[in-house]
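# Inside the fold
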Amino acid sequence: MEKKRSTFTGKVGFVLAAAGSAVGLGNIWRFPYLAAKYGGGIFLLVYILLAVTFGFSLMVAEIALGRKTRLSAIGAFSSLSRRFSFLGYLASAVPVIILPYYCVIGGWVMKYLAGFVTGSSAAMAGDAYFNTYIGGTWEPVGWFLLFMGITAVIVLLGVEKGIEKVSKFMMPVLIVLILGIAVYTICTMDGALDGVVYYLRPDFSKFSVMTVVAAMGQMFYSMSLSMGIMITFGSYMKRDIRVEKSAKQIELFDTGVAFLAGLMIIPAVFAFSGGDEAALGQGPGLMFVTLPKIFASMPAGGIIGAAFFLMVLFAALTSAISLMETIVSIFLDKLAMTRKAACLLVFGICTALGLLSCLGYSVWSGVRIIGMQILDLFDFLSNSVCMPLVAFATCLFVGYVIKPQTLIAEIEKSGPFREKRLFCVMVKYVAPVFTLLILLSSVLDVLGIVKI
Ligand code: PHE
């Protein structure tokens, strides 16, 4: 492939770029609804424990693999072991599953932004608004295509850098807005404090295997792990930048944003539902149903709502761009085609898959595959099947084929690696056993063979 790979400049460049890809709808839309559904504090605790042990080790391994080989996932695995080239392909399939439905949610964000800009904030706060909207046939399809079209044009023109610059400015604004909304809700709404307690105090009676399944899938998704992305990022990383320190910073930032998003949404759910458990289990619609209600009750809520959804849109766009860029570059590497043709092909594939997710709420709302909505099915396939599988195989690959020492030596080129014992134990023993158990239990659960 390339003889000399371009590298990120500056120490913060790498972390910022990786954090830009990591922070997205996963943090703001997905984390809060999972935390609400799977027991609040206990989910948060399991998530953090996983992030600092398993997530950290996997992120370090992926970045180091990329930096060592200077190749993206497919090339990185096959250059170190022919037998493991399948793993590069498997990891690369994950963004193809995620991107289409990611764009469907991106479309929802655009619709809500447009709603706030055109002054329909009161209507959006209504109980049935969200379901009526996604149940409509063509409007969600239109917004989905618009979001994906914008992503594709940016990738096609190669102007990601411009977007990333804007988003570096938007990200702090987003964080301030999330904090402000959380403080407003907690301080002014009756019942919100119960939500804070639910979110922060682990209730061990709510623990189940599903808590771990959900937390692990979310960790992969949110930190862009197990899909080859961090390998690609690592391949652009200079040798004088500390791998383990960067991994810690990305994790801290990503988890911090997710934590705040939960603090913004869960207390509000309590306040509006009076602590009704059913409201906590709503799933993907949670953010879209809850936030407009907060904005409707706030002074200048229309403007704040518009600003909020604009920032979320940028965070979602940077993530969608990095997902699409990954798929396009795989096609460019593997099939002899022009960038334009690759972009068009990706656009075509994602339109087909995204339409399935979109229409799964309207025309095909009766369709259930292994008991799931179509969007939920894609989400399940990527987060609970493919990613644990990739993580499992990556651990075997690092632990037993190339051996942890190979990557430790790569990491130590830029300084001491204090967590190397944790790293070895994780990739060799804990993570493979753990991912395999989780994978089996989630699949058997869905197939109805065991109930967990
Ligand atoms: N991590 C992103 C999020 O939280 C999603 C994503 C996954 C982006 C993979 C890029 C690559 O929204």
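Here, residues in each chain are numbered from 1, in the same order as that chain's written sequence. Thresholds applied to this predicted model are a pLDDT of at least 70 for local features of residues and 80 or more for the giving and counting of side-chain atom pairs; totals over whole chains, interfaces and linings are not thresholded and use all residues. To get the side-chain values, take all heavy atoms of the structure and skip hydrogens and water.

### Description of the side chain of Gln 373
- Each helix is a run of H or I in the DSSP string that is no shorter than four residues. Each strand is a run of E no shorter than two, and both are numbered from the N terminus. Looking at the element boundaries, Gln 373 is found in the loop between helix H17 (339-359) and helix H18 (374-401).
- Those residues in contact with Gln 373 that sit more than four places away from it in its chain are Gly 360, Tyr 361, Val 367 and Arg 368. Should any heavy atoms of two residues lie within 4.5 Å, those residues are counted as being in contact.

### A word on the pattern of salt bridges
- A pairing counts as a salt bridge when a side-chain nitrogen of Lys or Arg comes within 4 Å of a carboxyl oxygen of Asp or Glu. Applying the stated criterion across every chain, the model contains 11 salt bridges.
- Between Glu 325 and Arg 339 there is a salt bridge, and its shortest N-O distance comes to 3.1 Å. Pair noted here: Glu 325 is in helix H16 (residues 301-334) and Arg 339 is in helix H17, with a separation of 14 residues, a long-range link.
- Three exposure classes are used, based on accessible area relative to the maximum for each residue type with a 1.4 Å probe and protein chains only: buried under 20%, partly exposed in between, and exposed over 50%. Note on Arg 339: relative accessible area 28%, which makes it partly exposed.
- Connected through shared salt-bridge partners, Arg 67, Arg 239, Glu 410 and Lys 413 make up one network.

### Points about empty space enclosed by the protein
- Buried and open spaces are told apart on a 1 Å grid over the protein atoms alone, a cavity being a set of points where a 1.4 Å probe fits but cannot get out and a pocket being an open set with protein on both sides within 12 Å along at least five of seven lines. Residues with an atom within 4 Å of a point are the lining residues. Grid points are joined across faces, edges and corners, and a volume is the space filled by probe spheres set on the points. All told, the structure shown has one cavity of 30 Å³ or more when counted by the stated rule.
- There is about 120 Å³ of room inside the largest cavity.
- Taken together, 15 residues make up the lining of the largest cavity; nearest its centre are Ser 21, Tyr 102, Tyr 221, Ser 224 and Leu 323.
- Residue assignment for the lining of the largest cavity shows that the elements contributing at least two residues are helix H1 (11-22), helix H2 (25-37), helix H5 (85-117), helix H11 (209-222) and H16.
- Of the residues forming the lining of the largest cavity, the biggest block, three residues, is contributed by H16.
- Residues are grouped as follows: nonpolar covers Ala, Val, Leu, Ile, Met, Phe, Trp, Tyr, Cys and Pro; charged covers Asp, Glu, Lys and Arg; every other residue, Gly included, is treated as polar. Classifying every residue of the lining of the largest cavity gives seven nonpolar, eight polar and no charged.

### Some words on the packing of H2 against helix H15 (residues 286-297)
- Angles here are taken between N-to-C directions and fall from 0 to 180 degrees, while the axes themselves are lines fitted to C-alpha atoms, restricted in helices to the stretch in contact. Put simply, H2 and H15 touch, their axes get as near as 9 Å, and they point 95° apart. If you check the angle between H2 and H15, you find them roughly perpendicular. Contacts between H2 and H15 involve Ile 28, Trp 29, Pro 32, Tyr 33 and Ala 36 from the former and Leu 286, Met 287 and Phe 288 from the latter.
- A per-class count over the contact of H2 with H15 returns eight nonpolar, no polar and no charged. Convention used here: angles under 35 degrees read as roughly parallel, angles over 145 as roughly antiparallel, angles from 65 to 115 as roughly perpendicular, and any remaining angle as oblique.

### A few points about the confidence of the model for the protein
- Scored by pLDDT, the protein has a mean of 91; 97% of the residues are at 70 or more.
- Per-residue confidence from the predictor is reported as pLDDT, which spans 0 to 100. At the level of individual helices and strands, the protein shows its lowest average pLDDT in H1, which scores 78, and its highest in helix H19 (residues 404-412), which scores 97.

### Focus on unusual backbone geometry
- Even without being a glycine, Arg 70 presents a positive backbone phi close to 60°.
- Overall, the relative accessible area of 23% leaves Arg 70 in the partly exposed class.
- Residues other than glycine seldom take positive phi values, yet Ser 226 does so here, at roughly 60°.
- With respect to the secondary-structure elements, Ser 226 resides in the loop between H11 and helix H12 (229-235).

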